[in-house]
Amino acid sequence: MREKIIGKIEGMDALSHVDIIHILKKGEGEILYYDDEVGLAVRHPAGTVFAVPFRSSSLEPLYQAMGHERLFCVHSELMCSHYLDLGYEFREPCYTYSYHGGPLDEGPYHFRLMNLSERDLILSHYDSSEKSITYDIEHRNLFCIENDDTVMGFCGFHSEEAMGLLVIFPQFRNKGLGTYMESHVINEALKRGWVPFCNVYCSNKASIGLQQKLGLVRGDVLSYWVWNENA
């Protein structure tokens, strides 16, 4: 069944749906709903539900199967509007970028996994919850860039294994460190056998420029992250 679904999604647009393909290929996500005509919904082990419709009407069975989770990533403006009507929050659509090349240059710097003792440092520079950052650290998903044992920034994988959380501390910016930091995370993804990918807000010109510089390619279909803290 998974191979059939992967083939269906890849045939639609592999670049735009690399997040859902990633979950299916790892074999860890729960398939909540699949119908050749209606759509697909998959729950990542971290709890986020990803969904894509195959047509723009008769989506009620898909919505029913998805339930009322706290966080959804839907590949459809129509589905986004549905959850906004239910009181979910939304910021702006995202482009999906993915990398399909070989290892990248990491520069002359040292990289290492971050640990729980550095959680407050991360939270002082990145807007997230303590629970989320703890999850990322415990799953070996957060890395820092160092020079002479001085931490200059960090980056890693979100709980859904998309790259993100890229922060270079203010005093170390404009030195190209963000490029090396993301290069390291891309290399880590390749070592794990993953296709490196990330979600970038459409208005984030700096991040879009970085993805292009590193050779990531963009899918045509936007993704929409909607959430409800009370769900």
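Sequence positions are assigned chain by chain, starting from 1 and proceeding in written order. Since the coordinates come from a predicted model, pLDDT governs what is reported: local features require at least 70, and pairs of side-chain atoms require 80 or more to be given and counted, while whole-chain, interface and lining totals use all residues. As a rule here, side-chain values come from all non-hydrogen atoms in the structure, and water together with hydrogens is ignored.

**Q** Hey, could you run me through the packing of aromatic side chains in this one?
**A** What characterises a pair of aromatic rings is the spacing of the ring centres plus the angle enclosed by the ring planes. Here a Phe, Tyr or Trp ring, Trp counted by its six-membered ring, pairs with any other such ring whose centre lies within 6.5 Å, and the pair is stacked when the planes are under 30 degrees apart, edge-to-face when over 60, and tilted otherwise. One pass over the full model with this rule turns up twelve aromatic pairs. Here Phe 90 and Tyr 224 contribute two aromatic rings whose centre-to-centre distance is 5.8 Å and whose plane-to-plane angle is 35°, an arrangement assigned as tilted. Linking Phe 90 in strand 5 (residues 89-90) with Tyr 224 in strand 13 (residues 224-227), this pair joins segments that are 134 residues apart in sequence. For the pair Phe 154 and Phe 169, a centre-to-centre distance of 6.1 Å together with 70° between the ring planes defines the contact as edge-to-face. In this pair, Phe 154 is assigned in strand 9 (residues 150-157) and Phe 169 in the loop between strand 10 (163-168) and helix 7 (177-191), connecting sequence segments 15 residues apart. Whether a residue is buried, partly exposed or exposed follows from its accessible area with a 1.4 Å probe, protein chains only, as a fraction of its type maximum: under 20%, in between, or over 50%, in that order. According to the relative accessible area criterion, Phe 154 is buried, its value standing at 0%. Strands here are runs of E lasting at least two residues and helices are runs of H or I lasting at least four, both read from the DSSP assignment and numbered beginning at the N terminus.

**Q** Before we go on, may I ask you to explain the pattern of salt bridges in this structure?
**A** Side chains carrying opposite charge are able to pair once their charged atoms draw close together. Definition used for salt bridges: Asp or Glu carboxyl oxygen within 4 Å of a side-chain nitrogen of Lys or Arg. Scanning all chains against the criterion turns up ten salt bridges. Ionic pairing is found between Glu 10 and Lys 25, a salt bridge with its closest N-O pair at 3.2 Å. A residue pair is termed long-range when its members are at least 10 positions apart, and Glu 10 in helix 1 (residues 2-13) and Lys 25 in helix 2 (residues 18-26) qualify at 15 residues. Here Glu 10 falls in the partly exposed class, since its relative accessible area comes to 35%. Close ionic contact of Glu 118 with Arg 112 constitutes a salt bridge, the shortest N to O distance being 2.6 Å. Through salt bridges with shared partners, a single network forms among Lys 26, Glu 28 and Glu 161.

Any functional reading would require information beyond the geometric quantities listed.
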